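Inside the fold
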Amino acid sequence: MHESWQQFWAMGGYAPYVWTSYAIAAIVIVGNIVAPVLVHRQIARRIKNEEYDD
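1. Here we look at the overall build of the protein chain
- Looking only at helices and strands, one finds two helices and zero strands in the protein chain.
- The C-alpha atoms of the protein chain give a radius of gyration of 22 Å, which is well past the 10 Å a tight globule of 54 residues would have.
- With respect to the three principal axes, the spread of C-alpha positions in the protein chain is 70 × 15 × 10 Å.
- Surface accessibility of the protein chain: about 5,200 Å² in total, with carbon and sulfur atoms responsible for 64%.
- The centroid of the 4 positive side-chain charges in the protein chain is displaced by 5 Å from the centroid of its 5 negative side-chain charges.

2. A look at a nonpolar patch on the surface
- Taken together, the side chains of Ile-29, Val-30, Ile-33, Val-34 and Leu-38 make up a nonpolar region of the molecular surface, amounting to roughly 460 Å² of accessible area.
- Residue placement: Val-34 occurs in helix α2 (residues 15–53).
- We classify Val-34 as partly exposed; its relative accessible area is 40%.

3. Side note on the packing of aromatic side chains
- In this structure the tally under the stated criterion is five aromatic pairs.
- Centre to centre, the rings of Trp-5 and Phe-8 are 5.6 Å apart; their planes meet at 90 degrees, and the pair counts as edge-to-face. Taken together, the positions of Trp-5 and Phe-8, both in helix α1 (residues 5–10) and three residues apart, correspond to about one turn of that helix.
- The exposure class assigned to Trp-5 is exposed, which follows from its relative accessible area of 63%.

4. Remarks on unusual backbone geometry
- Despite not being glycine, Met-11 has its phi angle at roughly 55 degrees, a positive value.
- Note on placement: Met-11 falls in the loop between α1 and α2.
- Since its relative accessible area comes to 24%, Met-11 is described here as partly exposed.

Cut-offs and rules
Residues numbered from 1 in each chain as written. Predicted model: local features only at pLDDT ≥ 70, side-chain atom pairs only at ≥ 80, totals over all residues. Heavy atoms only, no water. Helix = DSSP H or I, 4+ residues; strand = E, 2+ residues; numbered from the N terminus. Rg over C-alpha atoms; globule rule 2.2 N^0.38 Å. Areas by Shrake-Rupley, 256 points an atom, 1.4 Å probe, with all protein chains shown as cover. Lys, Arg positive; Asp, Glu negative; His and termini not counted. Charge placed at Lys NZ, Arg CZ, Asp CG, Glu CD. Patch = residues over 30% accessible without salt bridge, like charges linked within 9 Å, V, L, I, M, F, W, Y side chains within 5 Å. Salt bridge = Lys/Arg side-chain N within 4 Å of Asp/Glu carboxyl O. Buried < 20%, exposed > 50% of the residue type's maximum accessible area, 1.4 Å probe, protein only. Phe/Tyr/Trp six-rings, centres within 6.5 Å; stacked < 30°, edge-to-face > 60°.

As structure tokens, then:
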């Protein structure tokens, strides 16, 4: 496979592109998980406040 871990992490000179791609993908995945949770909480809070307004 690879002769050393350093060579693995360097990715044959393409490390900046590879690791940046991984970072962007991780950010998008986390955003796709967190955003709906936040929206759900906001909607639930609005519904709860509307129930008490009546």
